[in-house]
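Here are the chains, one letter per residue:
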Amino acid sequence: MAFVSCDPHRLASLAAKLQALVDALRSDGMTARTLLQSWGSWSADGLPAIINELQDVATAAAGRADRAQQLQKLGGGFGVGSAGLNGSAFAASPMIQLPWDTQDQAIAEAAKDQTVAFQQALANPKDPGSRAVIGQISQDLADNQDDPTYLQAFMKAGGLAGSTQVARALHQEDGTTSYGAVLSSDSQEIVSRYASAVQAATSSAADGNMDIGDYKSILSDPPNNDMWSMSQLLANGPMGSRWDPGLLDAVGTSVLKWRGTVTQRPGVDYPDGLDVEGMPATFNNPGDAWYNSLGFAPKGNIDSSSNAAIIADIKMNDPTLAVLQAISDNQGAATGLLSDPAHGLDNAKALVSNQWTSDNFDGSSDAYFPGQLITLATQYRGGDPNGQNSALAALNVMQAAQALYITDKKSPSMQRSAPPEISDALDNVAGTYLDDLARSANVTPQTAAGTDQNPTVTRLSDGQWVLTVNQGQINGLLAEAFADGGNVNIFNTAIQAGAYGAVRQSLVGKDPNPSYDEYAALLGISFSTQHAAAYYNAQSQDQAAASANAADQAYVNAITGAAGNVPLDGVPLGLGQAFTGFMAPFWANKVGTQPTNNAQKASDVTQAQREAAWQSMQVPALQALMDTGKITVPPPQGAPWYQNGKILPSKVDGSFQAWVLNNQSTVAALKPYDGLASQAFTNITSLTNPGDSQFGNNP
């Protein structure tokens, strides 16, 4: 390798003069040619070739000048200038050793040398000069982001792993302010520059244009398992849509697993272990909580304003939410996260969860980005591979909803279902895959032989990807989507709209898919799910009331000495007696008085609701028959349920049934569909007893 000792600035001046010569020859070339030819013995034929050759020399000189200046800035040039930690970062002499013919190799070597100083600064964040090194390298990355040679060498030599530690190193220098800031504005800018470089390098590697090693593993399993520091690259970096979807999938899967193994929010201690209304509760902070290292440690009463601010700061810095926010801005990543054959179902279960709300203590929900992610991942219904992955994602979401519902039914907790943001996302899934659910409504959890009927994704003749699930998955999906009432009436109306289309198709000789009776069966599951949810919610109220009664009684026994006439630990008997006297009227009215017959009330309305539900399927059938001229007897004038030629499902009453039954042509035309709806609905609802597990198998 040949080296030339040069001053980068003088080399740049030479390159500029060479280019000026080329420009002058081109602009005045005709004049020079004429003069040369006038001298007789001189030939100007070779002038164009000379100009082209000079241009090549000028271009090469400019490139070498740029490389020389870059090497001087990076502290490279093979030993002339290097990074240091003693207040003088990247000091360089005026002269450098420039490899004349292998400039890319020189840049790569300089980038590798730079990572040594980088790693030393990260390992010693409070040393003099460390911040300057970290900051200078961030600027070099920004200046050379379009240089694949430099970027690849830096990232592959340890710069990528080091980038995941930058936020932690800067936080150790900054500390946590009294108002909860964990990074100064300058530190955020530095992290942002590293994030932009990481995004550029990983995206280029994903396209096959750069080799930076196993970048997915490096970011999904960062040094020291520091998910917070890694997540700050996403929180302070480019929008989620600009990142490689495969990388976001790997990081998302990793952070969701991590979330289940590390304490995410403070715990709560109740007096003597009893959660009793009116008694003060205090925070505790388990040693494995990720936020401890940021200085967030709420103490004392959970209702204090200072603790509320700390909880908000914890949420603001939550690594999981930072990652999910990025994924919810990237459709490919969202779909991949939930459709992945190895991890998609586990990821869906982590998202379709009631744990996004319960740990904040202030009623706020962490579920916004999880809900957005679910909707984004499942909404595309195309016939291409993206449509297939979207259907696979929806299939996993449905199984996850079933798993949550099964858990809900077993738990006496007052928090019975997913937070509203997750329920809304499930509502969107149910609406997007309405026809798939109808086609699946008669698929039992098990075959007659007792084998499980597992969900599948297949392709219709028109190219669309569709899913097939069983009644258990439909039940779980609808139960969690509409547990709080939600848009269940809109969903049922959509079923009726589908049934209308099926009848119209059948009347013109087409084979509807789904069929009218499949829509009726889906309505039967919807009805059964709503009724079972009402039963289980009422049953959970009974269980919670009984649990509260027992806890209340145990507490009263303790403070009165009724439990063996022993006062509370550490509380003098006199104080206990005084407290008892003060609270006695309250406890006398409260203990054992909560009602426990809610489930019986919920089951009393079954039959009337069932008949009204299946008869609602008459509305779309009658409308289709009227619109195709099969029924010619018009509804009575002024009927509240009939306006502008349409039957309004929400307004049908006794006069509607009277009109149907009093007209022979109407009865005759409706009879086949009435029979189909009644049979399909009965087949489903006859299985339904809220006390059993009629929709069966665990996902």
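Digging into the pattern of salt bridges
Argument step 1. Going through the model one piece at a time under the given rule, you end up with 11 salt bridges.
Argument step 2. Residues R168 and D226 are paired through a salt bridge, measuring 2.7 Å at the closest nitrogen-oxygen approach. Taken together, the residues R168 in helix α7 (residues 166-174) and D226 in the loop between α9 (215-220) and α10 (227-235) connect sequence positions 58 residues apart. We note that R168, like D226, is buried.
Argument step 3. Across the salt bridge formed by D627 and K646, the nearest N and O atoms sit 3.2 Å from each other. Of this pair, D627 sits in helix α26 (residues 618-627) while K646 is found in strand β8 (residues 646-647), placing the two residues 19 residues apart along the sequence.
Argument step 4. Judged by its relative accessible area of 40%, K646 falls in the partly exposed class.
Argument step 5. A cluster of three or more residues bridged by salt bridges with shared partners is formed by R131, E173, D174 and D186.

Some remarks on the packing of aromatic side chains
Argument step 1. A full pass over the atoms with the stated rule returns 11 aromatic pairs.
Argument step 2. On the basis of an interplanar angle of 10 degrees and a centroid distance of 5.4 Å, the ring pair of F118 and Y194 is categorised as stacked. Of this pair, F118 sits in helix α4 (residues 103-123) while Y194 sits in helix α8 (residues 185-206), and the two are 76 residues apart along the sequence.
Argument step 3. A relative accessible area of 0% places F118 in the buried class.

Re the pairing of strand β5 (residues 456-459)
For a regular strand, side-chain orientation follows a simple rule: the groups alternate between the two sheet faces.
Argument step 1. As judged from the 4 bridges shared by β5 and strand β6 (residues 465-468), these two strands associate in the antiparallel manner. Considered in β6, the bridge of T458 is made with V466.
Argument step 2. The loop that links β5 with its antiparallel partner β6 comprises 5 residues; one of these, G463, has a positive phi angle of about 95 degrees.

Regarding unusual backbone geometry
Where the residue is not glycine, phi is negative for most of them; where a peptide bond is considered, it is trans in most cases.
Argument step 1. Residue P514 is bonded to the preceding N513 through a cis peptide linkage, with omega at 5 degrees.
Argument step 2. Unlike most non-glycine residues, N224 shows phi in positive territory, near 60 degrees.
Argument step 3. In this fold, N224 is placed in the loop between α9 and α10.
Argument step 4. Even without being a glycine, N644 presents a positive backbone phi close to 55 degrees.
Argument step 5. When you line up the elements, N644 lands in the loop between β7 (642-643) and β8.
Argument step 6. Accessibility expressed as a relative area gives 80% for N644, which makes it exposed.

Rules used throughout
- Residues numbered from 1 in each chain as written.
- Predicted model: local features only at pLDDT ≥ 70, side-chain atom pairs only at ≥ 80, totals over all residues.
- Heavy atoms only, no water.
- Salt bridge = Lys/Arg side-chain N within 4 Å of Asp/Glu carboxyl O.
- Helix = DSSP H or I, 4+ residues; strand = E, 2+ residues; numbered from the N terminus.
- Buried < 20%, exposed > 50% of the residue type's maximum accessible area, 1.4 Å probe, protein only.
- Phe/Tyr/Trp six-rings, centres within 6.5 Å; stacked < 30°, edge-to-face > 60°.
- Pairing = 2+ DSSP bridges.

All quantities given are derived from atomic positions and should not be read as evidence of function.
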